[in-house]
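Spelled out from the first residue to the last, the chains are:
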Amino acid sequence: MKEIIEKYDFKFKKKYGQNFLKDKNILESIALKSEIDKDTLVIEIGVGAASLTNYLSLYSKNVLAYEIDETLKPIIEEELKDKNNVEVKYIDFLESNVVEDIKKYEYSKLYVVANLPYYITTPIIEKIINDKLDVDKIVIMVQKEVGDRFSAKPSSKEYNSLTVFLNYYFDIKKIINVSRNCFIPVPNVDSVVIEMKRKKDKYIVNNEELFFKLVRDSFKYKRKNLRNNLKGYNLDKINKILSKYNLDLTVRAENLTIEQFIDISNKLNEEQ
Ligand code: SAH
(Lines give C-alpha, C1' and ligand atoms only; values in the text may rest on other atoms or scores of the structure.)
Protein backbone atom coordinates (compact mmCIF):
# COMPACT_ATOMS: atom_id res chain seq x y z
CA MET A 1 0.00 0.00 0.00
CA LYS A 2 2.88 2.30 0.86
CA GLU A 3 4.20 1.99 -2.68
CA ILE A 4 0.98 2.89 -4.35
CA ILE A 5 0.40 5.86 -2.05
CA GLU A 6 3.88 7.10 -2.93
CA LYS A 7 3.43 6.40 -6.62
CA TYR A 8 0.35 8.63 -6.76
CA ASP A 9 1.80 11.07 -4.27
CA PHE A 10 -1.38 10.77 -2.21
CA LYS A 11 -1.80 13.20 0.68
CA PHE A 12 -3.85 11.92 3.60
CA LYS A 13 -6.71 14.23 4.51
CA LYS A 14 -7.50 14.61 8.16
CA LYS A 15 -10.93 16.09 7.48
CA TYR A 16 -12.01 12.80 5.91
CA GLY A 17 -10.63 10.72 8.75
CA GLN A 18 -8.20 8.91 6.48
CA ASN A 19 -6.44 6.13 8.35
CA PHE A 20 -5.96 3.19 6.03
CA LEU A 21 -5.81 -0.37 7.31
CA LYS A 22 -2.61 -2.07 6.30
CA ASP A 23 -2.67 -5.25 8.39
CA LYS A 24 -3.54 -8.17 6.11
CA ASN A 25 -4.63 -10.45 8.96
CA ILE A 26 -7.09 -7.89 10.26
CA LEU A 27 -8.43 -7.16 6.78
CA GLU A 28 -9.03 -10.81 6.07
CA SER A 29 -10.51 -11.46 9.46
CA ILE A 30 -13.04 -8.64 8.98
CA ALA A 31 -14.25 -10.33 5.81
CA LEU A 32 -14.30 -13.80 7.38
CA LYS A 33 -15.76 -12.97 10.78
CA SER A 34 -18.60 -10.97 9.26
CA GLU A 35 -19.61 -14.18 7.45
CA ILE A 36 -19.94 -12.57 4.06
CA ASP A 37 -20.77 -15.10 1.37
CA LYS A 38 -21.55 -15.38 -2.32
CA ASP A 39 -25.18 -14.35 -1.73
CA THR A 40 -24.18 -11.14 0.02
CA LEU A 41 -24.30 -7.61 -1.33
CA VAL A 42 -21.83 -5.57 0.69
CA ILE A 43 -22.16 -1.82 0.93
CA GLU A 44 -18.76 -0.46 1.84
CA ILE A 45 -18.46 3.07 3.14
CA GLY A 46 -15.05 4.74 2.81
CA VAL A 47 -12.90 2.87 0.30
CA GLY A 48 -9.54 4.54 1.00
CA ALA A 49 -6.89 2.62 -0.95
CA ALA A 50 -9.33 -0.28 -1.42
CA SER A 51 -7.48 -2.70 0.85
CA LEU A 52 -10.65 -3.83 2.62
CA THR A 53 -12.64 -3.62 -0.62
CA ASN A 54 -10.35 -6.25 -2.14
CA TYR A 55 -11.15 -8.78 0.57
CA LEU A 56 -14.86 -7.94 0.52
CA SER A 57 -14.90 -8.49 -3.23
CA LEU A 58 -13.25 -11.89 -2.83
CA TYR A 59 -15.87 -13.28 -0.45
CA SER A 60 -19.10 -11.51 -1.49
CA LYS A 61 -21.39 -11.49 -4.50
CA ASN A 62 -21.07 -7.75 -5.08
CA VAL A 63 -19.59 -4.73 -3.41
CA LEU A 64 -21.19 -1.32 -3.79
CA ALA A 65 -18.76 1.18 -2.32
CA TYR A 66 -18.86 4.89 -1.49
CA GLU A 67 -15.84 7.17 -1.29
CA ILE A 68 -16.06 10.91 -0.73
CA ASP A 69 -12.50 11.75 -1.82
CA GLU A 70 -12.23 11.75 -5.59
CA THR A 71 -8.45 12.15 -5.52
CA LEU A 72 -8.35 8.48 -4.49
CA LYS A 73 -9.85 7.44 -7.82
CA PRO A 74 -6.61 6.52 -9.67
CA ILE A 75 -5.42 4.46 -6.69
CA ILE A 76 -8.75 2.71 -6.30
CA GLU A 77 -8.95 1.97 -10.02
CA GLU A 78 -5.50 0.43 -10.05
CA GLU A 79 -6.13 -1.61 -6.91
CA LEU A 80 -9.45 -2.94 -8.18
CA LYS A 81 -8.59 -3.39 -11.85
CA ASP A 82 -9.08 -7.17 -11.76
CA LYS A 83 -12.35 -7.06 -9.85
CA ASN A 84 -15.59 -7.32 -11.75
CA ASN A 85 -18.00 -7.34 -8.82
CA VAL A 86 -17.20 -3.91 -7.36
CA GLU A 87 -18.85 -0.57 -8.11
CA VAL A 88 -17.43 2.59 -6.54
CA LYS A 89 -19.43 5.80 -6.24
CA TYR A 90 -17.46 8.95 -5.52
CA ILE A 91 -19.89 10.77 -3.27
CA ASP A 92 -20.57 11.46 0.37
CA PHE A 93 -22.46 8.42 1.64
CA LEU A 94 -24.59 10.69 3.83
CA GLU A 95 -25.85 12.45 0.68
CA SER A 96 -26.34 9.25 -1.29
CA ASN A 97 -29.58 7.60 -2.27
CA VAL A 98 -28.42 4.18 -1.20
CA VAL A 99 -31.89 2.61 -1.23
CA GLU A 100 -32.15 3.51 -4.93
CA ASP A 101 -28.55 2.48 -5.66
CA ILE A 102 -29.02 -1.11 -4.47
CA LYS A 103 -32.16 -1.75 -6.52
CA LYS A 104 -30.32 -3.13 -9.51
CA TYR A 105 -28.58 -5.81 -7.43
CA GLU A 106 -29.75 -9.29 -6.66
CA TYR A 107 -28.78 -10.72 -3.30
CA SER A 108 -30.21 -12.58 -0.37
CA LYS A 109 -28.19 -10.81 2.33
CA LEU A 110 -27.37 -7.15 2.66
CA TYR A 111 -24.39 -6.05 4.76
CA VAL A 112 -22.83 -2.69 5.47
CA VAL A 113 -19.11 -2.87 6.16
CA ALA A 114 -17.08 0.18 7.02
CA ASN A 115 -13.84 1.40 8.47
CA LEU A 116 -15.00 4.91 9.00
CA PRO A 117 -13.91 8.22 10.32
CA TYR A 118 -15.07 8.14 13.89
CA TYR A 119 -17.03 11.39 13.82
CA ILE A 120 -19.42 10.12 11.17
CA THR A 121 -20.16 6.74 12.71
CA THR A 122 -23.35 7.93 14.38
CA PRO A 123 -24.75 9.91 11.39
CA ILE A 124 -24.08 6.90 9.16
CA ILE A 125 -25.95 4.53 11.45
CA GLU A 126 -28.77 7.05 11.76
CA LYS A 127 -28.98 7.28 7.98
CA ILE A 128 -29.18 3.50 7.67
CA ILE A 129 -32.03 3.47 10.19
CA ASN A 130 -33.85 6.53 8.79
CA ASP A 131 -33.59 5.36 5.17
CA LYS A 132 -35.00 2.01 6.35
CA LEU A 133 -32.16 0.25 4.58
CA ASP A 134 -32.99 -3.38 5.11
CA VAL A 135 -29.56 -4.51 6.31
CA ASP A 136 -28.96 -7.90 7.87
CA LYS A 137 -25.70 -6.82 9.42
CA ILE A 138 -23.53 -3.77 9.96
CA VAL A 139 -19.83 -4.43 10.56
CA ILE A 140 -18.10 -1.28 11.56
CA MET A 141 -14.69 -0.27 12.84
CA VAL A 142 -14.93 2.29 15.60
CA GLN A 143 -12.76 3.88 18.20
CA LYS A 144 -12.56 1.60 21.23
CA GLU A 145 -14.60 3.97 23.44
CA VAL A 146 -17.38 4.26 20.85
CA GLY A 147 -17.52 0.47 20.67
CA ASP A 148 -17.96 0.34 24.42
CA ARG A 149 -20.89 2.73 24.08
CA PHE A 150 -22.68 0.65 21.47
CA SER A 151 -22.53 -2.44 23.59
CA ALA A 152 -22.92 -0.69 26.97
CA LYS A 153 -25.14 -2.15 29.66
CA PRO A 154 -27.57 -0.04 31.72
CA SER A 155 -26.01 1.86 34.64
CA SER A 156 -22.60 2.09 32.95
CA LYS A 157 -21.38 5.54 32.04
CA GLU A 158 -21.36 4.79 28.31
CA TYR A 159 -25.08 3.89 28.24
CA ASN A 160 -27.18 6.54 26.45
CA SER A 161 -30.15 6.93 24.12
CA LEU A 162 -28.13 5.75 21.10
CA THR A 163 -27.34 2.54 22.99
CA VAL A 164 -31.06 1.96 23.54
CA PHE A 165 -31.94 2.66 19.89
CA LEU A 166 -29.17 0.44 18.53
CA ASN A 167 -30.10 -2.39 20.85
CA TYR A 168 -33.69 -2.06 19.73
CA TYR A 169 -32.73 -2.94 16.16
CA PHE A 170 -29.57 -4.99 16.53
CA ASP A 171 -27.72 -7.62 18.53
CA ILE A 172 -24.37 -6.00 19.07
CA LYS A 173 -21.01 -7.53 19.82
CA LYS A 174 -17.32 -6.81 19.49
CA ILE A 175 -15.61 -9.12 17.02
CA ILE A 176 -12.02 -7.88 16.64
CA ASN A 177 -9.66 -5.67 18.62
CA VAL A 178 -7.46 -3.56 16.36
CA SER A 179 -4.31 -1.85 17.53
CA ARG A 180 -3.59 1.66 16.30
CA ASN A 181 -0.43 0.27 14.69
CA CYS A 182 -2.49 -1.53 12.05
CA PHE A 183 -3.19 1.79 10.29
CA ILE A 184 -1.32 4.34 8.22
CA PRO A 185 -1.03 7.02 9.36
CA VAL A 186 -1.12 5.74 12.96
CA PRO A 187 -4.10 7.31 14.78
CA ASN A 188 -3.93 8.16 18.48
CA VAL A 189 -6.56 5.65 19.58
CA ASP A 190 -7.09 1.90 19.35
CA SER A 191 -10.13 0.52 17.55
CA VAL A 192 -12.58 -2.34 17.66
CA VAL A 193 -14.69 -3.96 14.99
CA ILE A 194 -18.32 -4.15 16.04
CA GLU A 195 -20.93 -6.43 14.56
CA MET A 196 -24.57 -5.31 14.63
CA LYS A 197 -26.88 -8.08 13.55
CA ARG A 198 -30.52 -7.28 12.81
CA LYS A 199 -32.63 -8.74 15.61
CA LYS A 200 -34.75 -11.70 14.56
CA ASP A 201 -37.25 -11.50 17.40
CA LYS A 202 -37.85 -7.81 17.43
CA TYR A 203 -39.22 -6.20 20.56
CA ILE A 204 -42.90 -5.38 20.42
CA VAL A 205 -43.29 -1.63 20.47
CA ASN A 206 -46.85 -0.50 19.75
CA ASN A 207 -45.97 3.07 18.87
CA GLU A 208 -42.38 3.54 17.67
CA GLU A 209 -42.65 7.30 17.48
CA LEU A 210 -43.71 7.49 21.11
CA PHE A 211 -40.99 5.02 22.14
CA PHE A 212 -38.24 7.04 20.41
CA LYS A 213 -39.51 10.29 21.89
CA LEU A 214 -39.76 8.79 25.37
CA VAL A 215 -36.18 7.50 25.23
CA ARG A 216 -34.82 10.76 23.83
CA ASP A 217 -36.67 12.85 26.42
CA SER A 218 -35.66 10.55 29.28
CA PHE A 219 -31.96 11.08 28.49
CA LYS A 220 -32.37 14.79 27.74
CA TYR A 221 -30.51 16.10 30.77
CA LYS A 222 -28.04 13.51 31.92
CA ARG A 223 -28.06 14.43 35.59
CA LYS A 224 -31.81 14.81 35.89
CA ASN A 225 -34.16 12.04 36.92
CA LEU A 226 -37.28 10.93 35.06
CA ARG A 227 -39.58 13.23 37.03
CA ASN A 228 -37.66 16.24 35.70
CA ASN A 229 -36.93 15.01 32.20
CA LEU A 230 -40.48 13.80 31.51
CA LYS A 231 -42.49 16.79 32.66
CA GLY A 232 -45.08 16.73 29.88
CA TYR A 233 -45.90 13.03 30.41
CA ASN A 234 -48.44 11.23 32.59
CA LEU A 235 -46.09 10.89 35.55
CA ASP A 236 -48.56 9.03 37.78
CA LYS A 237 -48.86 6.33 35.21
CA ILE A 238 -45.10 6.12 34.69
CA ASN A 239 -44.61 5.91 38.44
CA LYS A 240 -47.02 2.97 38.63
CA ILE A 241 -45.14 1.10 35.92
CA LEU A 242 -41.81 1.81 37.59
CA SER A 243 -43.07 0.49 40.91
CA LYS A 244 -43.35 -2.95 39.31
CA TYR A 245 -39.57 -2.86 39.05
CA ASN A 246 -39.13 -1.42 42.56
CA LEU A 247 -38.26 1.93 41.02
CA ASP A 248 -39.81 5.37 41.13
CA LEU A 249 -39.58 8.72 39.33
CA THR A 250 -36.25 9.55 40.98
CA VAL A 251 -34.60 6.97 38.72
CA ARG A 252 -32.39 8.19 35.88
CA ALA A 253 -32.71 7.05 32.29
CA GLU A 254 -29.25 5.47 32.39
CA ASN A 255 -30.57 2.93 34.93
CA LEU A 256 -33.46 1.70 32.79
CA THR A 257 -33.27 -1.29 30.49
CA ILE A 258 -34.66 -1.28 26.97
CA GLU A 259 -37.45 -3.64 28.14
CA GLN A 260 -38.49 -1.11 30.80
CA PHE A 261 -38.57 1.75 28.27
CA ILE A 262 -40.71 -0.41 26.00
CA ASP A 263 -43.06 -1.30 28.84
CA ILE A 264 -43.53 2.37 29.73
CA SER A 265 -44.06 3.44 26.14
CA ASN A 266 -46.57 0.65 25.42
CA LYS A 267 -48.60 1.47 28.55
CA LEU A 268 -48.56 5.20 27.77
CA ASN A 269 -49.72 4.38 24.26
CA GLU A 270 -52.79 2.52 25.58
CA GLU A 271 -54.30 5.73 26.85
CA GLN A 272 -53.66 7.79 23.72
N1 SAH B 1 -11.70 1.39 4.29
C2 SAH B 1 -10.36 1.91 4.05
C3 SAH B 1 -10.25 3.41 4.35
C4 SAH B 1 -10.47 3.82 5.76
S5 SAH B 1 -10.22 5.57 6.01
C6 SAH B 1 -9.38 1.11 4.87
O7 SAH B 1 -9.81 0.37 5.75
O8 SAH B 1 -8.19 1.22 4.65
C9 SAH B 1 -11.87 6.19 5.82
C10 SAH B 1 -12.27 6.48 4.39
O11 SAH B 1 -13.60 7.01 4.40
C12 SAH B 1 -11.42 7.53 3.69
O13 SAH B 1 -11.01 7.06 2.44
C14 SAH B 1 -12.34 8.74 3.55
O15 SAH B 1 -12.03 9.55 2.44
C16 SAH B 1 -13.69 8.07 3.45
N17 SAH B 1 -14.85 8.91 3.85
C18 SAH B 1 -14.88 9.84 4.83
N19 SAH B 1 -16.11 10.36 4.93
C20 SAH B 1 -16.89 9.76 3.99
C21 SAH B 1 -18.26 9.89 3.59
N22 SAH B 1 -19.06 10.76 4.20
N23 SAH B 1 -18.72 9.12 2.59
C24 SAH B 1 -17.88 8.25 1.94
N25 SAH B 1 -16.58 8.08 2.29
C26 SAH B 1 -16.08 8.83 3.29
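Just so you know, these numbers come straight off a predicted model, no measurement behind them. (Residues numbered from 1 in each chain as written. Predicted model: local features only at pLDDT ≥ 70, side-chain atom pairs only at ≥ 80, totals over all residues. Heavy atoms only, no water.)

Another point: empty space enclosed by the protein. Throughout the structure, instances matching the rule amount to two cavities of 30 Å³ or more. Counted as a void, the largest cavity has a volume near 40 Å³. Lining the largest cavity, in full, are Ser 218, Phe 219, Tyr 221, Lys 222, Lys 224, Asn 229, Arg 252, Ala 253 and Glu 254. Of the residues belonging to the lining of the largest cavity, the class tally is three nonpolar, two polar and four charged. Considering only enclosed or pocket space, the second largest cavity measures out at about 30 Å³ in volume. Lining the second largest cavity we find Ile 30, Leu 52, Val 113, Ala 114, Asn 115, Val 139, Ile 140, Met 141 and Val 193. Broken down by secondary-structure element, the contributors of at least two residues to the lining of the second largest cavity are strand S5 (109-115) and strand S6 (137-143). (1 Å grid on protein atoms, 1.4 Å probe; cavity = no way out; pocket = protein on both sides within 12 Å on 5 of 7 lines; lining within 4 Å. Points joined across faces, edges and corners; volume = space filled by probe spheres on them. Nonpolar A, V, L, I, M, F, W, Y, C, P; charged D, E, K, R; others polar. Helix = DSSP H or I, 4+ residues; strand = E, 2+ residues; numbered from the N terminus.)

On to the packing of aromatic side chains, then. Considering all chains together, one arrives at 14 aromatic pairs under this definition. With 6.5 Å between their ring centres and 10° between their planes, Tyr 168 and Tyr 203 make a pair best called stacked. With Tyr 168 in helix H8 (residues 161-169) and Tyr 203 in the loop between strand S9 (191-198) and helix H9 (208-218), this pair connects stretches of sequence that are 35 residues apart. What makes Tyr 203 partly exposed here is its relative accessible area of 24%. Pairing Tyr 168 with Phe 212 gives two aromatic rings, centres 5.9 Å apart and planes at 80°, and the pair type is edge-to-face. (Phe/Tyr/Trp six-rings, centres within 6.5 Å; stacked < 30°, edge-to-face > 60°. Buried < 20%, exposed > 50% of the residue type's maximum accessible area, 1.4 Å probe, protein only.)

Time to look at the domain arrangement of the protein. Splitting the protein by domain gives domain 1 (2-198) and domain 2 (208-270). Measuring from the centre of the C-alpha atoms in domain 1 to the corresponding centre in domain 2 gives 34 Å. Opposite the eleven residues of domain 1 that make contact, domain 2 presents 14 residues. Buried surface at the junction of domain 1 and domain 2, summed over both partners, amounts to about 1100 Å²; 69% is from carbon and sulfur atoms. Summed over the three residues of domain 1 that lose the most area to domain 2, namely Tyr 159, Phe 165 and Tyr 168, the buried surface amounts to 48% of that side. Put simply, domain 1 and domain 2 have zero salt bridges between them. Here domain 1 and domain 2 share four residue pairs in polar contact (both at pLDDT 80 or more) between them. (Domains from an automatic or database assignment. Contact = heavy atoms within 4.5 Å. Buried area = accessible area lost by both parts, 1.4 Å probe. Salt bridge = Lys/Arg side-chain N within 4 Å of Asp/Glu carboxyl O. Polar contact = N/O pair within 3.5 Å; in protein donor to acceptor, adjacent residues only side chain to side chain.)

Cis geometry is adopted by the peptide bond preceding Pro 185, which originates at Ile 184 and carries an omega value of -15°. Even without being glycine, Asp 9 reaches a positive phi, approximately 50°. Judged by its relative accessible area of 52%, Asp 9 falls in the exposed class. Positioned with a positive phi, Asn 246 is a non-glycine residue whose angle comes to about 55°.

One finds Ile 43, Met 196 and Phe 211 to be the most contacted residues of the largest nonpolar core, which totals 59 residues. Of the domains in this structure, domain 1 (2-198) and domain 2 (208-270) are the two that each give at least three residues to this core. For Met 196, the contacting residues outside a window of four places in its chain are Ile 125, Asp 136, Lys 137, Ile 138, Ile 140, Phe 150, Leu 166, Phe 170, Asp 171 and Ile 172. Core analysis: the second largest hydrophobic core is formed by 36 residues, Phe 20, Ala 31, Val 63 and Val 86 among them. (Core = buried A, V, L, I, M, F, W, Y, C linked by side-chain atoms within 4.5 Å.)

We now examine the pattern of salt bridges. Counted under the stated rule, the structure contains 19 salt bridges. Linking Lys 109 and Asp 37 is a salt bridge whose minimum nitrogen-to-oxygen distance equals 2.6 Å. With a gap of 72 residues between them, Lys 109 in strand S5 and Asp 37 in the loop between helix H2 (24-33) and strand S2 (40-45) connect regions that are remote in the sequence. For Lys 109, a relative accessible area of 24% puts it in the partly exposed group. Given the relative accessible area of 25%, Asp 37 is considered partly exposed. A salt bridge links Lys 104 to Glu 87, with the shortest nitrogen-to-oxygen separation between them at 3.2 Å.

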